[in-house]
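Architecture at a glance
Listed here are the chains, written in short residue letters.
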Amino acid sequence: MKIFSAEQMRAWDAYTIRHEPVLSIDLMERAAGRCADWLLAHFGQETGFMVFCGMGNNGGDGLAIARMLLAAGRRAGVVILESRRQGSPDFLENLKRLQAASGAIFLLAAGDAIPDVPAGAVVVDALFGTGLNTPLSGHAARLVEHLNGLPNTRVAIDLPSGLFADRSAVGNPVLLATHTLTFAAPKLGLLLQENAPFTGEVHILDIGLSPAFESATETRFQLATATLVKSRFRPRNRFAHKGNFGHAYLAAGSLGKMGAALMAATACLRGGAGLLSCHVPRCGVGILQTALPEAMALPDPDETRLTTLPGETSRYNCAGIGPGIGTSTQTAAMLRSCLAKFQVPFVLDADALNLLAKDESLMSLLPAGSILTPHPKEFDRLFGAHDSDFDRIETALAAAERLQSVVLLKGHHTFIASPTGSGYFNTTGNAGMAKGGSGDVLTGLLTALLAQGYGAEDAALVGVWLHGKAGDLAVERQSYESLLPGDLVARLGAAFRQLYP
Ligand SMILES: NC(=O)C1=CN([C@@H]2O[C@H](COP(=O)(O)OP(=O)(O)OC[C@H]3O[C@@H](n4cnc5c(N)ncnc54)[C@H](O)[C@@H]3O)[C@@H](O)[C@H]2O)[C@@H](O)CC1
Ligand SMILES: [K+]
């Protein structure tokens with residue numbers, strides 16, 4: 001699913017109006033109808049609503065929604081935030097229609113006391129949508145902050161007011177929505193981690209905009225939906241043997257951190273690698289061989305950490321490095337010789353990324369077709385401090401192009417920056433996965449996919465999606481609190497099955 005900018009959304013609306021054809025006011029009626037249906041289905045008969053409207057088309061939506069709620073026999077009050085500008089034509093038409101339906105309307109001018117919102121009423125935020133062009137200030141900011149202080153549920157129409165579709169609103173007044181009902185396509189601002197507190201749960205409502213425009217329009221960003229991921233998934237050939245699925249090299253673990261190595265190694269084998277050789281410190285050999293007899297051990301000469309590249313390097317077709325390796329100078333030297341000697345795609349995670357951040361010259365050794373998997377803190381250590389996730393995704397895309405590799409930005413919707421310039425947001429996963437070890441599972445899984453011959457972009461799309469899906473399936477048998485990274489590994493099989501044709 002494509003992610004449209006505010007400008008593209010306007011063009012998509014305009015194209016639909018011209019080519020369907022449909023009057024702009026009727027398109028608004030359709031959009032409002034979908035929102036009213038959602039509200040009626042979501043909140044019981046006894047629930048009342050207070051709809052706060054601006055004077056642009058977002059406000060027009062709000063007026064139409066209020067009229068529809070009243071027609072369905074619900075209690076609905078309307079507050080219009082007065083502005084110096086005249087209302088948009090569709091706002092004004094909907095004002096007439098609401099007045100004809102005898103809706104109660106309160107006009108809120110600067111300095112007026114904000115009307116009380118009844119306890120239990122749902123606040124509908126139709127103040128500003130994609131047309132907002134500067135941060136909220138004055139009485140608009142005051143109203144939003146007041147609404148944020150109420151205990152009531154808040155449902156934002158299209159965007160939480162104050163949020164921008166395409167740039168950061170960090171530090172600005174923004175409505176804290178419980179739910180956001182957004183039209184036709186997700187907006188970039190709704191997907192970024194920094195905006196998660198504002199958007200609440202995001203629901204995309206189909207308002208019947210032109211499919212022709214959608215397929216003909218290029219976008220920089222897309223959602224990695226099940227459909228997209230299925231198109232990149234490679235079902236196995238029935239006549240295959242272990243030699244078809246690659247031989248992965250995984251460097252992981254140190255004294256006290258063999259769990260990280262085990263989680264990555266198990267995920268690598270459950271992820272379908274044909275063979276796995278796991279380079280571990282001496283202290284970890286017994287642990288690995290006992291807990292995961294399917295993996296081969298490559299013992300490092302050092303007892304507690306990785307220091308020396310194993311002799312034979314030509315048999316592997318990919319390398320995963322990072323989980324639990326620590327950041328000692330000996331391990332840094334090992335990473336350097338790995339990058340210099342192995343001419344295969346890498347997955348670098350955790351301490352491998354921290355080592356890269358400490359020594360920029362390592363980055364230039366990274367073979368094309370690799371995958372870096374930082375979370376935001378590791379990302380900033382690698383690429384410098386950033387003020388916002390909008391800036392981070394631009395940096396990730398630039399780095400992906402420079403390195404000819406995939407750069408992930410892990411988060412609620414993990415971002416996948418491809419060297420082709422495309423960016424994808426993952427759609428699976430949940431808060432239960434925010435636990436030490438989840439990243440190790442992802443590293444192992446991505447390594448497995450590279451071993452099986454996936455290119456970096458496909459491996460990242462399929463691997464990140466599977467990792468999140470395994471988490472979603474695992475949480476059904478657990479809870480967000482109790483979920484363990486090992487549960488993700490246990491549900492990987494069920495997650496793979498969801499991609500089968
Ligand atoms: N045909 C269409 O174009 C459709 C548009 N729809 C709705 O229309 C919205 C976009 O409408 P608009 O482009 O009219 O814009 P909005 O209604 O989002 O807001 C723009 C209004 O706010 C004012 N404004 C902008 N920044 C401000 C600020 N910082 N402080 C105070 N006032 C400010 C503008 O002058 C304008 O009056 C979408 O988000 C969606 O809700 C939907 O009805 C679907 C169809
Ligand atoms: K809004």
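Per an unreviewed UniProt entry, the chain goes by the name Bifunctional NAD(P)H-hydrate repair enzyme and belongs to Flaviaesturariibacter flavus. Quoted verbatim from the Subunit (unreviewed entry) heading of the UniProt record, the comment on the chain is "Homotetramer."

Let's talk about the UniProt feature "domain: YjeF C-terminal" (unreviewed entry) in the chain
The positions UniProt marks with the feature "domain: YjeF C-terminal" (unreviewed entry) are residues 225-499. Across residues 225-499 one finds 45% helix and 13% strand; the C-alpha atoms that close the span lie 11 Å apart.

A word on a nonpolar patch on the surface
A surface patch of nonpolar side chains, amounting to about 200 Å² of accessible area, comprises M1, V202 and I204. Residue I204 is classed as partly exposed on the basis of its relative accessible area of 32%.

Re the nonpolar core
Counting residues in each nonpolar core, the largest one holds 50 residues, and the members touching the most others are L288, I371, L408, I416, V462 and L466. In terms of residue count, the dominant contributor to this core is helix 16 (residues 456-477) (ten residues). Not counting residues up to four positions away in its chain, the partners in contact with L288 are L262, A265, C278, V280, P293, A295, M296 and A297. F221, A251, L335 and F346 belong to the second-largest nonpolar core, a separate cluster that totals 46 residues.

A short note on unusual backbone geometry
Across the junction of E20 and P21, the peptide omega takes the value -15°, indicating a cis bond. Looking at where P21 falls in the secondary structure, it is placed in the loop between helix 1 (6-19) and helix 2 (24-42). In this structure, D158 takes a positive phi of about 70° despite not being glycine. Summarising the element assignment, D158 is placed in the loop between strand 6 (154-157) and strand 7 (179-183). The class of D158 is buried, set by a relative accessible area of 8%. A positive phi angle, close to 50°, is found at A350, a residue other than glycine. Examined against the element boundaries, A350 turns out to sit in helix 12 (residues 350-358). Residue class for A350 comes out buried when judged on its relative accessible area of 15%.

Points about the pairing of strand 16 (residues 406-409)
Residues V406 and L408 of strand 16 are buried on one face, and the alternating residues V407 and L409, pointing to the opposite face, are buried as well. Taken together, the two bridges between strand 15 (residues 371-372) and strand 16 define a ladder with parallel strand orientation. Bridge pairing in strand 16 places I371 opposite V406. Note: strand 16 against strand 17 (residues 415-417), three bridges, orientation antiparallel. Opposite L408, over in strand 17, you have I416 as the bridge partner. Linking two consecutive strands that pair antiparallel, namely strand 16 and strand 17, is a turn of five residues.

Re the sheet that holds strand 8 (residues 201-205)
In space, the seven strands of this open sheet follow the order 4-3-2-5-6-7-8, with parallel pairing throughout. The open sheet is flanked by strand 4 (105-108) and strand 8, the only strands paired with a single partner. Put simply, the sheet's adjacent strands are angled 20° from each other on average, direction ignored. Of the pairings in the sheet, the one linking strand 7 to strand 8 comprises five bridges and is parallel in character. Bridged to T180 within strand 8 is V202.

Reading guide: rules and limits
- The residue numbers shown here count from 1 along each chain, following its written sequence.
- To read the labels, note that chains go from A and ligands from 1, taken in the order they are written.
- Owing to the predicted nature of the model, reporting of local features is limited to residues with pLDDT of at least 70; listing and counting of side-chain atom pairs is limited to 80 or more, with chain, interface and lining totals taken over all residues.
- The side-chain figures draw on all heavy atoms in the structure; neither hydrogens nor water molecules are used.
- UniProt positions are given in the numbering used here, feature names are shortened, and annotations may be inferred rather than shown by experiment.
- Secondary structure elements are taken from DSSP: a helix is a run of H or I of four residues or more, a strand is a run of E of two residues or more, and numbering for both begins at the N terminus.
- Within this analysis, patches are made of residues with over 30% relative accessible area and no salt bridge. Like charges are joined at 9 Å or less; nonpolar side chains (Val, Leu, Ile, Met, Phe, Trp, Tyr) at 5 Å or less.
- Note on areas: Shrake-Rupley with a 1.4 Å probe; residue coverage comes only from the protein chains shown.
- In what follows, salt bridge is the name for a side-chain nitrogen of Lys or Arg lying within 4 Å of a carboxyl oxygen of Asp or Glu.
- Here's how the labels work: a residue is buried when its accessible area is under 20% of the maximum for its type, exposed when over 50%, partly exposed in between, all with a 1.4 Å probe on protein chains only.
- In plain words, nonpolar cores are sets of buried Ala, Val, Leu, Ile, Met, Phe, Trp, Tyr and Cys residues tied together by side-chain atoms within 4.5 Å.
- Residues are treated as being in contact if the distance between any of their heavy atoms lies within 4.5 Å.
- Note: two strands are recorded as paired if DSSP finds a minimum of 2 bridges between them.
- In this analysis, axes come from line fits to C-alpha atoms, helices being fitted only over the stretch in contact, and the angle between any two N-to-C directions falls in the range 0 to 180 degrees.

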